[in-house]
Amino acid sequence: MPALRSALGNSLAGAQGKTIADQNKIDKTMAPGCAIGLYTPTECDRHTKASAERRAELK
């Protein structure tokens, strides 16, 4: 587990999706999981779309 924890980081802690900074934390946690194949391409695409929608809502 230490390698996985290291790859994903700990940016997500405390993020609630209420601000752009929160969304940045969520994205920063998802990106490595997508890069190392932890998540499927479909899951990564779904996150990318959801992130863009949430960012538009927060502006």
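Residues numbered from 1 in each chain as written. Predicted model: local features only at pLDDT ≥ 70, side-chain atom pairs only at ≥ 80, totals over all residues. Heavy atoms only, no water.

Colleague: Quick rundown of the overall build of the protein chain? Include the residues and the values.
Modeller: Scanning the protein chain from N- to C-terminus turns up three helices and zero strands. Taken from N to C terminus, the helices and strands of the protein chain fall in the order α-α-α. In terms of its C-alpha atoms, the protein chain occupies a principal-axis envelope of roughly 35 × 25 × 10 Å. Buried positions account for 20% of the 59 residues belonging to the protein chain. For the protein chain, the share of sequence-separated contacts (at least 6 apart) that also reach a separation of at least 24 residues comes to 50%. For the protein chain, the exposed surface amounts to about 4,300 Å²; the carbon and sulfur share of it is 58%. One finds the centroid of the 9 positive side-chain charges in the protein chain at a distance of 6 Å from the centroid of its 6 negative side-chain charges. (Helix = DSSP H or I, 4+ residues; strand = E, 2+ residues; numbered from the N terminus. Buried < 20%, exposed > 50% of the residue type's maximum accessible area, 1.4 Å probe, protein only. Contact = heavy atoms within 4.5 Å. Areas by Shrake-Rupley, 256 points an atom, 1.4 Å probe, with all protein chains shown as cover. Lys, Arg positive; Asp, Glu negative; His and termini not counted. Charge placed at Lys NZ, Arg CZ, Asp CG, Glu CD.)

Colleague: Please give an account of the environment of glutamate 57 that cites residues and values.
Modeller: Within the secondary structure layout, glutamate 57 lies in helix 3 (residues 41-58). Look at glutamate 57 and you get exposed, because its relative accessible area is 55%. A sequence separation of 37 residues divides glutamate 57 from isoleucine 20, and the C-alpha atoms of the two residues are 9.7 Å apart. At 2.8 Å, the side chain of glutamate 57 and the side chain of arginine 54 are in polar contact. (Polar contact = N/O pair within 3.5 Å; in protein donor to acceptor, adjacent residues only side chain to side chain.)

Colleague: Could you give me a rundown of the state of the cysteines, with the residues and numbers involved?
Modeller: With the rule as written, the count across this model stands at one disulfide. The residue that forms a disulfide with cysteine 34 is cysteine 44, at a sulfur-sulfur distance of 2.0 Å. Judged by the sign of its S-S torsion, about -115°, the cystine formed by cysteine 34 and cysteine 44 is left-handed. Pair noted here: cysteine 34 is in helix 2 (residues 20-35) and cysteine 44 is in helix 3, with a separation of 10 residues, a long-range link. Taking relative accessible area as the criterion, cysteine 34 reaches 25% and is therefore assigned partly exposed. Residue classification places cysteine 44 among the buried positions, given a relative accessible area of 11%. (Disulfide = S-S within 2.5 Å.)

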